Amino acid sequence: MTPVSQEFRHDPANGLHGDCMRACLASLFDLPIADVPHFAKIAADGKGDFWDGVTSFCRARGFSFVIVKGEFVWAEDNVYHIISGPSPRAAGVYHAVIGLNGKVHFDPHPSRSGLAGTPSDWSFEFLVQPPSRIGSP
């Protein structure tokens, strides 16, 4: 995991759409941010669905994108993932950060202020390799 900062802050009144999820995926896949589509802008421009874009991007790299809502018990240590939840900067806006074992590890926003709310308000998102790709029957 290589931390990548987001390129765009969320300011739709001025035509800017935040790219925190884009930065998180770039971080997890160890890619430059330019190699990851700007899913929020694509959706805002009416050229595609945000979540379809995210899942297609991950699938093309051999991973499923799995979302778990709310708190749960961790069975494994040292697992990087994405956490999405309320932004601490604007009511009604959601933000994505890199998590490690269920806790905020890296915030791609320049403020590095993480998420608002508590883990019960958050979604935990994982890149999972389907069994056919890891040699299981």
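Residues numbered from 1 in each chain as written. Predicted model: local features only at pLDDT ≥ 70, side-chain atom pairs only at ≥ 80, totals over all residues. Heavy atoms only, no water.

## Section: the packing of aromatic side chains
What the rule picks out here adds up to seven aromatic pairs. Note on phenylalanine 39 and phenylalanine 50: the rings are 6.2 Å apart at their centroids and 80° apart in plane angle, and the pair reads as edge-to-face. One end of the pair, phenylalanine 39, is in helix H2 (residues 39-44); the other, phenylalanine 50, is in helix H3 (residues 50-60), and eleven residues separate them in sequence. On the accessibility criterion, phenylalanine 39 (5% relative accessible area) is buried. When the centroid spacing of 6.4 Å and the interplanar angle of 55° are considered together, the rings of tryptophan 122 and phenylalanine 124 count as tilted. (Phe/Tyr/Trp six-rings, centres within 6.5 Å; stacked < 30°, edge-to-face > 60°. Helix = DSSP H or I, 4+ residues; strand = E, 2+ residues; numbered from the N terminus. Buried < 20%, exposed > 50% of the residue type's maximum accessible area, 1.4 Å probe, protein only.)

## Description of the layout of surface pockets
In this structure, the largest pocket spans a volume of roughly 610 Å³. Cys20, Val93, Tyr94, His95 and Ala96 are, among the 31 residues lining the largest pocket, the residues nearest its centre. The set of elements that each furnish at least two residues to the lining of the largest pocket consists of helix H1 (20-28), H2, H3, strand E1 (64-69), strand E2 (80-86), strand E3 (94-100) and strand E5 (123-128). Grouping the constituent residues of the lining of the largest pocket by class yields twelve nonpolar, twelve polar and seven charged. (1 Å grid on protein atoms, 1.4 Å probe; cavity = no way out; pocket = protein on both sides within 12 Å on 5 of 7 lines; lining within 4 Å. Points joined across faces, edges and corners; volume = space filled by probe spheres on them. Nonpolar A, V, L, I, M, F, W, Y, C, P; charged D, E, K, R; others polar.)

## Thoughts on H3
Those residues of H3 not exposed but buried are Val54, Phe57 and Cys58. When H3 is viewed along its axis, its buried side chains cluster within an angular range of 95° and face the same direction. Exposed residues pointing more than 90 degrees away from the buried face of H3 are listed as Arg59 and Ala60. As for H3, its buried residues are in contact with H1, H2, E1 and E5. By the N-cap criterion, in which a side-chain oxygen at the helix start approaches the backbone nitrogen of a residue two or three places on, H3 is capped by aspartate 49, the distance to tryptophan 51 being 3.1 Å. (Arc of directions from axis to C-beta. Contact = heavy atoms within 4.5 Å. Polar contact = N/O pair within 3.5 Å; in protein donor to acceptor, adjacent residues only side chain to side chain.)

## Remarks on the pattern of salt bridges
On inspection of all chains with the given rule, the structure shows three salt bridges. A salt bridge links arginine 22 to aspartate 19; its shortest N-O distance comes to 3.0 Å. Between aspartate 45 and lysine 41 there is a salt bridge, with its nearest N and O atoms 2.7 Å apart. Assessed through its relative accessible area of 39%, aspartate 45 is described here as partly exposed. Sharing partners across several salt bridges, the network here consists of Glu7, Asp19 and Arg22. (Salt bridge = Lys/Arg side-chain N within 4 Å of Asp/Glu carboxyl O.)

## Brief notes about the side chain of glutamine 6
On the secondary structure map, glutamine 6 appears in the segment before H1. Taking the relative accessible area as the measure of exposure, glutamine 6 reaches 10% and is therefore buried. A polar contact is formed between the side chain of glutamine 6 and the backbone nitrogen of histidine 109, at a distance of 3.4 Å. When neighbours within four sequence positions are excluded, glutamine 6 is seen to be in contact with Gly18, Asp19, Cys20, Ala23, Ile33, His95, Pro108, His109 and Pro110.

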